[in-house]
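Each chain is listed here by its residues.
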Amino acid sequence: MALPTIIKNWLVTTNQNITGDANLDSGGPSGACNSARDRRNLMLGLKNQLITGGTSNVGPGGFGAVNTWTVRYSCGGNNGGSLVAGTVGDAVDRWTIDTDIPWNTPGNAHAWIVLRNTNIGTYGVDLLIELVQSTNTYEGATMDVYVGIVDASGNGYTGGSTTARPTAQGTNNDEEVAIRQDEAWSGSNTLMARTFHWNTWQSEDGTNTYIVIFWNNICVSQWMIGVPQSPNSSWSEPRFFAGIRGLLSDFDNACFMNDWYDVSEMKTWRADRISTADSLNQTFIYLTTDTFAGNPFNQVFTVPNDISGEYPLAVIGLTSRSSNFIGRQGTMFDLYFGLESVGGPAGGATYPSGGSKTWAQFGAFVFPWDGSTPVTT
Amino acid sequence: MADPTKDKTWEYDLNNLVIADGATVDGAFLSTRQRLFGIKEILINNGSTTFTAPWTVVSSSDSSTSGASDLWVDEFDLVWADDDTSNARSWIVLRQTGISTTFEVCIVCQEDSTSNDGKQIEVWVAQAGFTGGSTTARPTATDERQLRDSTADGYWGSGQVNTAYTSQTHVWMSSDGDCTRIVICIGDVVTGYWAFETPKNPTTGWTDPYFACIEGEANVTTSQVTYSRFLDNATMRGRYSGANTTMYLSSEGMVNDGIGEATGNGTQQQNQLDNSYIASQCGLSSTTSTFVGRHGEVFDMWWGLSFVGTGRYYPETGTKAFVQIGDFVFPWDGSTLIRTR
C-alpha cells in the first residue's frame, strides 16, 4: 500500500534524552542509587513535554498553536523546597527539579501531579501521575497513573496531600480509570545509571498524546491517551482511550503486539459499566489488526510484499470484550501496525527509509515522524 | 460495524432446490448429477436468472462425444470415470471474461473409485485457455491451477453419502463478471463453497489477478465457510508469475483470532453499542514464496460473528441487503433463504 496520509497536525518531539547519572543519589527518600535520579529526570522531562507541546510540526499543514496538557495542581518541592500539596485548580507546577518529585510507599510523603486536557470528551479528562510504589528499595521503578473524568462544572480530581493522592469524582470516587497501579514504566528495578531516550506526539488539537521511551534499545514504556478515530456513534462521551505499557524488565519491549494485541492493556471509562473486577468503571480494549494463520499479519509476514516491495502498514482498531462495550468501537488516529521484524527490538525504521521519513516505527507501531533519524540507544 | 456499502452490482439465482430422490445409492447419484448440472445451467443463463455477464461453454464431453459445444444437455450427460482408468468421462470448460479474457474452469467428472460416482470431481482453472480433450482425457492449459483433485480432495458439495439429500444452490454473480460465488446448502450446513473472483485492490504488478476455490468434504455435516477453513488455512488458490499460490482470507482480529470468532478470542457477541453483527472485511493474504504479502480484499464479502450462523439477514427485516451463511456475510436480494433439508 502507499504510505498513509497523516490526518492530524502533530507536535512531535523526537530523540529527547536523559543522560544516566553515574553518581550516587543522596537526595531520594530511600537513599537510593543513581537510577532513581535518572527516573525522576525522565518523569520531569515527560511532564514538561506534555505541558509545552513539541518541537516539530508534522501533518497536513496549517499549523497553529498546540493545545497542550495544563497543570491543574500538584504536590512537589517547587524547585528544591519541602513537599507541598497544592489546592485543586491552583495551576501551580511544583515539579521543577529532580529533588522535587520523590517516590515513596503509600501513606508516606511523595509527589503527584494532575494534568488536565479539555480536548478529550465533552469536558475533558485529568491525568493523575502519582509517584508511589509498594517498596522503596528501588525508587522510581513503578508508579500509579489514573485518568479521571471532568464534569460540566469543570470538576475533576480533588483533594490530596503530601501523603495521599487526589480523589476522583463519583459516589465511590470511581469516575476514573486506573492505568498503572504499582506497575513498571521505565524498565527493571536493577540499580544502574540509565540513559533514556523518548519521543512524544501531541496532536495540535490536543486530543491525542503518544509517548515512547527507550533504554538501551529497549522500549521500556509506551503511553497512548486520546480520542478514537471513527468512533462508534453510540459510544457515549467521554470517548477516549488510555493505556501505558511497561515491564519490570530490561529485556522486554513495551511496544510489541503481545503488549496491546494479546492483552487489553488499553482502557476507557464507561458510566454504564458495573465492573466485577474492581470498583472502577473502567473498560478494557484490545488493539486489533489484520489477522490470519493464527497470528497478526505483522508476525506472519517477516519480509515486505513480494510483488510491490512495500512494507505493509495496517490500521489499528479498538475492540472490546468488556461487558456493555463488546465490539469494535473505533480506530487509532495516525497510528499503524508495521512488521515486527523491522528495525530490531525497538525499531527505528522510517518510511520512506530515506528522504522525508514521514513515518517511524518503534516496535510494532508506526508513528508520524519529522524526518530525523530515530535514536533508541 | 454498520451495514456496509456494496462495491458491485450483484445478481442472484438463489434457493435452487434439488429434491432428494429416495434414500438409495441411485437416488444419491441422481441428486449429485442434478446438483452439478444445475450449477452449469445457472452459470450459462439457463437458470431462472439472466445474468448480465454469464459464463459461456467453451467445450465439453458427455462421455460419448466431445467438442466445442455444450454437450451437457441434462444430468444424464454427466458420466463419471475412475481417475486411474482411461474410461470415457464427461467434462466441461466454462469461460468468464469478466475475470480475464480467457479465464476458464474445467470440471471433470472423475472419482477415485466407482463408489464415489458423482461425489467427486476434478476442477482446474486457467487463463491461457484449455485446449484438447477427448471423451477419455480432459483438456489442459499451460497455466492451469488445480482446485479439486479426485485422488485427494474431490468432494465439491454433495458429500460422500449414499443417501439422497435435498439441497439448495445459491449463485451470486457481479454484473461485470468479476465475481462468481456458489453456495450449496443441505439444511443449514454449507456443504459446498465455490468462488471464482477478481480481488479488490490487488497489489500493483499482480497481472490478471484472480483467486478461486471449491470446497467440500466427504460428510455433509461440516460447514465449508468457516474461520477455520479460510482464516486459519490458506484455502484460496491463484497464480502469480507462472507459479501456483495459496491465500488466506484475513480478518481484523486480536489475540490471534478474528473479531467474529466465537470459539476463540473473538467478541462472541454482537456490538453492544450499535447491535451490529458484521465483523470485518475479508482480506487476501499469502505466505506463498515469491507471493508473500497482503494482496487485496474480497469484493463485498465479510466475516460475520460465527455464533450467529446461517440465515441471519442484515438488516434483519426490510431490505435484507446481506445474509450470513456459515461465517461469511454475502450480499442478498431480500428474499427468504430456504433451509430445507
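What counts and how
Residues numbered from 1 in each chain as written. Chains lettered and ligands numbered in written order. Predicted model: local features only at pLDDT ≥ 70, side-chain atom pairs only at ≥ 80, totals over all residues. Helix = DSSP H or I, 4+ residues; strand = E, 2+ residues; numbered from the N terminus. Rg over C-alpha atoms; globule rule 2.2 N^0.38 Å. Buried ≥ 20, exposed ≤ 12 C-beta atoms within 10 Å, placed from the backbone. Contact = placed C-beta atoms within 7 Å. pLDDT = per-residue confidence, 0-100. Nonpolar A, V, L, I, M, F, W, Y, C, P; charged D, E, K, R; others polar. Core = buried A, V, L, I, M, F, W, Y, C linked by C-beta atoms within 7 Å. Pairing = 2+ DSSP bridges.

### A few points about the overall build of chain B
Consideration 1: If you tally the helices and strands in chain B, you get 2 helices and 21 strands.
Consideration 2: Its C-alpha radius of gyration of 19 Å places chain B within 12% of the 20 Å reference for a compact globule of 341 residues.
Consideration 3: Across the 341 residues of chain B, 57% fall into the buried class.
Consideration 4: Expressed as a percentage of contacts within chain B between residues at least 6 apart in sequence, the contacts between residues at least 24 apart total 61%.

### Some details on the overall build of chain A
Consideration 1: Within chain A, the regular secondary structure consists of 3 helices and 20 strands.
Consideration 2: Dimensions along the principal axes, computed over C-alpha positions, put chain A at roughly 65 × 50 × 40 Å.
Consideration 3: Sorting the 377 residues of chain A into buried and exposed places 56% on the buried side.
Consideration 4: Across chain A, contacts joining residues at least 24 apart in sequence account for 61% of those joining residues at least 6 apart.

### A short note on the confidence of the model for chain B
Consideration 1: Per-residue confidence for chain B gives a mean pLDDT of 94, with 98% of residues at or over 70.
Consideration 2: Reported confidences for the modelled complex are a pTM of 0.94 and an ipTM of 0.94.

### Quick word on the environment of B:Val105
Residue and element names in this part refer to chain B.
Consideration 1: Mapped onto the secondary structure, Val105 falls in strand E6 (residues 104-108).
Consideration 2: In this structure, the C-alpha to C-alpha distance between Val105 and Trp55, residues 50 residues apart in sequence, is 9.9 Å.
Consideration 3: When sequence neighbours within four positions are dropped, the list of residues in contact with Val105 reads Leu94, Val123, Val125 and Phe196.

### Remarks on the interface of chain A and chain B
Consideration 1: Contacts between the two partners involve 32 residues from chain A, matched on the other side by 32 residues from chain B.
Consideration 2: For the side of chain A that touches chain B, the elements supplying multiple residues, two or more each, are strand E14 (282-292), helix H3 (297-300), strand E16 (314-320) and strand E17 (327-337) of chain A.
Consideration 3: Of all the elements, E14(A) adds the most residues to the side of chain A that touches chain B, at 6 residues.
Consideration 4: Across the side of chain A that touches chain B, the residue classes break down as 13 nonpolar, 14 polar and 5 charged.

### Describing the nonpolar core
Consideration 1: In terms of nonpolar packing, the biggest core is built from 188 residues, with A:Phe214, A:Cys219, A:Phe367, B:Cys106 and B:Phe330 touching the most fellow members.
Consideration 2: Looking at this core element by element, the count peaks at 7 residues for helix H1 (residues 25-43) of chain B.

### Some thoughts on the sheet that holds strand E9 (residues 145-148) of chain B
Residues and elements named next belong to chain B.
Consideration 1: Overall, antiparallel pairing links the 6 strands, which are arranged E3-E2-E5-E6-E8-E9 in an open sheet. Single-partner strands in this sheet number two, and they are strand E3 (66-67) and E9.
Consideration 2: In terms of strand pairing, strand E2 (residues 56-62) meets strand E5 (residues 90-95) through 6 bridges, oriented antiparallel. The partner of Ser59 across the bridge, within E5, is Val93.

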